[in-house]
Amino acid sequence: MVTNIQTQLLGRDVSFPVEESRFAYWLVVLRLIVGWWFLHAGLDKFLAWPFDASWFVGGAAAQTSLGPVVTLFSDGILLSFTNIMVPLGQTLIGLGLIVGALTRLAAFFGAFLMTFFYFINGETGGWAHGVITGDLLGLLIFAMIATLGAGRVLGVDAYLAKTSFVRDHPRLRYLIG
């Protein structure tokens, strides 16, 4: 089925056809690639255990605009929490995207992590060649996955959306998709 998109961009009429099946398959491919990216990052940290984020939250982040917040996690119990949650979070985000379960929630937390990576890596030299970096592109891809409901295409979220539990609790639709 083809859908005609009709909208305005900068005051000009814009119209183009979108074949829904190609778009749906593209969302699945995008979701799988980003899911593997994060699953791999998380599992790498677990396989090289113990993971130590102190170089990032205490060292690299200290002189950045996010430094006052991030450096709170540079020692003690908060560093221990960070050392567990970064690999666990990356692994769960990756798994959520790959199977398409709680996709919007996974994409939200992926974008949350990418925001920190973007600003801290950028302000410590990553922006030497411009502000468009891999971290920013990752952030935008997570936003796109969340916005377009990529989990409802060949994902567990398609099943979850049809359950009576989600129908009885409509706010849960913000987590799946």
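Residues numbered from 1 in each chain as written. Predicted model: local features only at pLDDT ≥ 70, side-chain atom pairs only at ≥ 80, totals over all residues. Heavy atoms only, no water.

Participant: Could you clarify how one ought to interpret the nonpolar core in this entry?
Facilitator: Generally speaking, soluble globular proteins have nonpolar side chains that are buried together. Judged by nonpolar contacts, the single largest core of 24 residues is most densely connected at Phe38, Ile93, Leu97, Met114, Phe142 and Ile145. Those elements that provide at least two residues to this core are helix 1 (20-47), helix 2 (54-60), helix 4 (76-99), helix 5 (103-126) and helix 6 (134-148). Looking at this core element by element, the count peaks at eight residues for helix 5. If we skip the residues at most four places from it in the chain, Met114 touches Trp37, Phe38, Gly134, Asp135, Gly138, Leu139 and Phe142. (Core = buried A, V, L, I, M, F, W, Y, C linked by side-chain atoms within 4.5 Å. Buried < 20%, exposed > 50% of the residue type's maximum accessible area, 1.4 Å probe, protein only. Helix = DSSP H or I, 4+ residues; strand = E, 2+ residues; numbered from the N terminus. Contact = heavy atoms within 4.5 Å.)

Participant: When you look at the UniProt feature "transmembrane region" (unreviewed entry) in the protein in this model, what are you seeing that I'm missing?
Facilitator: Here the UniProt-annotated "transmembrane region" (unreviewed entry) positions come out as residues 23-43, 93-120 and 140-161. Here residues 93-120 is 89% helix and 0% strand, with 21 Å between the C-alpha atoms at its ends. Taken end to end, residues 140-161 has its terminal C-alpha atoms 25 Å apart, with 68% of it in helix and 0% in strand. (UniProt positions renumbered as here; feature names shortened; annotations may be inferred.)

Participant: Would you take a moment to explain a nonpolar patch on the surface for this structure?
Facilitator: Among the surface-exposed residues, Leu43, Phe46, Leu47, Trp49, Phe81, Ile84, Met85, Leu88, Leu92 and Leu95 lie close enough to one another that they form a single nonpolar patch of about 950 Å² accessible area. Secondary structure elements with two or more residues in the nonpolar patch: helix 1 and helix 4. In terms of residue count, the dominant contributor to the nonpolar patch is helix 4 (six residues). Position of Leu92 among the secondary structure elements: in helix 4. (Patch = residues over 30% accessible without salt bridge, like charges linked within 9 Å, V, L, I, M, F, W, Y side chains within 5 Å. Areas by Shrake-Rupley, 256 points an atom, 1.4 Å probe, with all protein chains shown as cover. Salt bridge = Lys/Arg side-chain N within 4 Å of Asp/Glu carboxyl O.)

Participant: What am I meant to see in the side chain of Thr103 here?
Facilitator: Inspection of the secondary structure assignment puts Thr103 in helix 5. When residues no more than four places from it in sequence are discounted, the contact partners of Thr103 are Arg31, Gly96, Leu97, Ile145, Gly151, Asp157, Leu175, Ile176 and Gly177.

Participant: Can you walk me through the environment of Leu43 in this structure?
Facilitator: Its location among the elements puts Leu43 in helix 1. A relative accessible area of 35% places Leu43 in the partly exposed class. The spacing of Leu43 and Ile84 is 41 residues in sequence and 12 Å in space, taken between C-alpha atoms.

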